[in-house]
Amino acid sequence: MELALPGEDHPARVAFREWLAAHPDPSPMDLARSGYVGPHWPEPWGLSAGPIDQLVIDDEMRKAGIKRPQNRIGIGWAGPTILQYGTDAQRERYLLPLLAGDEIWCQLFSEPDSGSDLASLSTRAVRDGDEYVVNGQKIWTSFGHESQFGILLARTDPDARKQDGISYFICPMDAPGVTVDPIIDMTGLHAFNQVFFDDVRIPAENLVGEENGGWALAKVTLGNERVSLSGEGALWGDGPSAEALVEIVRRSGSMLTPTLAQRMVQVWSESEILRILRMRQIGAAIEGLKPGPEVSVRKAMADEHGKHLMDLAKDVAGSYGLLADAGPMEGLQGRHAGEPVLDGGGVWPALVWSMGYLYAQALTIGGGTSEVQRNIIGERILGLPREADVEEGLTWAESRARRR
Ligand SMILES: Cc1cc2nc3c(=O)[nH]c(=O)nc-3n(C[C@H](O)[C@H](O)[C@H](O)COP(=O)(O)OP(=O)(O)OC[C@H]3O[C@@H](n4cnc5c(N)ncnc54)[C@H](O)[C@@H]3O)c2cc1C
């Protein structure tokens, strides 16, 4: 199952090539202004491009070696939420610099005691004239130390039902009272932070949507986080794929043990199922359908698959796998064989495999844990009773009645 992209004379290809001829070395701001950063966004921020045009534009950009600005949370999650729920003034102020990557964004949602059950969050925002005063703590804030702005969830009505007392803010990360403390993860990198709020004053104009209406917006943000039509790499669409590991083994000409060979077949089969699910997801988008259950199915499967692939790559590396800078090739051909560098065949350097092994542990946690994805599949797709109801001893009918 492959998607055949439209041919050379497709209008979106022609338009992109004409634009590129006029902007042979486009800056990030040129790309943002042109609409090619988020082609599916409405004008003037995007091109209102349908899924086929998007795929065609991606194809053209790949061929021309043009990369979009890096601002994962800004472009992927904050931007679409501001686009949908923000005021005209907010869209005018924030979207263009965000698309150009001039202003980096982070997501201030998780707290030490509120992750999967995000609606239980306790960071408080209290209205004081034209400002809100924020106190509390966030954690696991990716890119918080590099960001100019964060999308912040805070409780504005502590007496309401927990989902009904939350508001959604744009928080300037340099506001007095915001403290960003690094968390070094086990790859040795500083990607995460914890963020403290001590009497931080946020202008009321930074409220997105209605006061106490933030939960609906948070769901839009999280929905965008879980839907990904991105690449086939095993690390949330990036990094090596099962095909890359197979390629290394093929190139080495070495024999695998029967057990490793069986695991290789297993991991490759998983990746093939995921590829087909991804095609279905893209196909549904092309037909204008809303993302279906395959989003949760794919996330739950893809995260486990990422771990399986990286575990297997370590095991193929044998005793070399104990080293931080060794990859599967060295296990097959010895320390000094050297591993092919990244090339068109998708063979990744040793360090990527080693780091990827450590990073893969995060896959089944970030963006909604695998257990929570399985709850969603069980309850919303299969119609099974909620786990909490089963633990309470409710019958299936009682559980269903409670949800109505
Ligand atoms: C790489 C990465 C990047 C991240 N970036 C950000 C970020 O930028 N901003 C941000 O706000 N957060 C971020 N997070 C945090 C992430 O959203 C949370 O870690 C995640 O929501 C889980 O919350 P938790 O860590 O509090 O775990 P908990 O919710 O405490 O879960 C602990 C364990 O209990 C299980 N569990 C919880 N509830 C249930 C249930 N109802 N049924 C069955 N099992 C359950 C979970 O599956 C898990 O195994 C990031 C996390 C990772 C790994």
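Residues numbered from 1 in each chain as written. Predicted model: local features only at pLDDT ≥ 70, side-chain atom pairs only at ≥ 80, totals over all residues. Heavy atoms only, no water.

Q: I'd like a rundown of a nonpolar patch on the surface, residues and numbers included.
A: A grouping of Ile381, Leu382, Leu384 and Trp396 is seen on the molecular surface, where their side chains present a nonpolar patch of about 370 Å² in accessible area. Position of leucine 384 among the secondary structure elements: in the loop between helix H12 (370-381) and helix H13 (387-392). The exposure class assigned to leucine 384 is partly exposed, which follows from its relative accessible area of 34%. (Patch = residues over 30% accessible without salt bridge, like charges linked within 9 Å, V, L, I, M, F, W, Y side chains within 5 Å. Areas by Shrake-Rupley, 256 points an atom, 1.4 Å probe, with all protein chains shown as cover. Salt bridge = Lys/Arg side-chain N within 4 Å of Asp/Glu carboxyl O. Helix = DSSP H or I, 4+ residues; strand = E, 2+ residues; numbered from the N terminus. Buried < 20%, exposed > 50% of the residue type's maximum accessible area, 1.4 Å probe, protein only.)

Q: Any details on the site of the ligand? Residues and values, ideally.
A: For the ligand, the set of nearby residues contains 19 residues, the closest of which are Ser110, Ser116, Trp140, Thr369 and Glu371. Within the side chain of asparagine 375, an N or O atom sits 3.0 Å from a nitrogen atom of the ligand. Of the residues in the shell around the ligand, the class split is eight nonpolar, nine polar and two charged. Residue-level mapping places the shell around the ligand at the junction of two domains, with at least three residues from each of domain 2 (105-214) and domain 3 (227-368). (Near = heavy atom within 4 Å. Polar contact = N/O pair within 3.5 Å; in protein donor to acceptor, adjacent residues only side chain to side chain. Nonpolar A, V, L, I, M, F, W, Y, C, P; charged D, E, K, R; others polar. Domains from an automatic or database assignment.)

Q: Pulling in residues and values, what's your account of the side chain of threonine 156?
A: Along the chain, the position of threonine 156 falls in the loop between strand S4 (149-155) and strand S5 (166-172). For threonine 156, a relative accessible area of 13% gives the class buried. At 2.6 Å, the side chain of threonine 156 forms a polar contact with the side chain of serine 167. Beyond its immediate chain neighbours, meaning those up to four positions away, threonine 156 contacts Arg124, Ala125, Tyr132, Gly165, Ile166, Ser167, Phe169, Glu211 and Asn212. (Contact = heavy atoms within 4.5 Å.)

Q: Can you lay out the domain arrangement of the protein chain for me, pointing to particular residues and giving the numbers?
A: One can read the domain layout of the protein chain as domain 1 (11-64), domain 2 (105-214) and domain 3 (227-368). With centres defined by C-alpha atoms, the gap from domain 2 to domain 3 works out at 34 Å.

Q: An account of the packing of aromatic side chains is needed here, citing residue identities and associated values.
A: Tallied over the full model, the rule gives 10 aromatic pairs. Considering the side-chain rings of phenylalanine 16 and tryptophan 19, the 6.1 Å spacing of their centres and the 40 degrees angle between planes classify their relative orientation as tilted. In this pair, phenylalanine 16 and tryptophan 19 both sit in helix H1 (residues 11-22), three residues apart, roughly one turn of the helix. The pair phenylalanine 16 / tryptophan 19 is uniform in exposure class, with both members buried. Taken together, a centroid distance of 5.3 Å and an interplanar angle of 65 degrees make the contact between tryptophan 140 and phenylalanine 192 edge-to-face. Taken together, the residues span a long stretch of sequence, with tryptophan 140 in the loop between strand S3 (131-139) and S4 and phenylalanine 192 in strand S7 (residues 190-203) at a distance of 52 residues. Classification of tryptophan 140 by relative accessible area gives partly exposed; the value is 47%. Judged by relative accessible area, phenylalanine 192 falls into the partly exposed class, the value being 23%. An aromatic cluster is defined as three or more aromatic residues linked by ring pairs; in this entry it consists of Phe16, Trp19 and Tyr36. (Phe/Tyr/Trp six-rings, centres within 6.5 Å; stacked < 30°, edge-to-face > 60°.)

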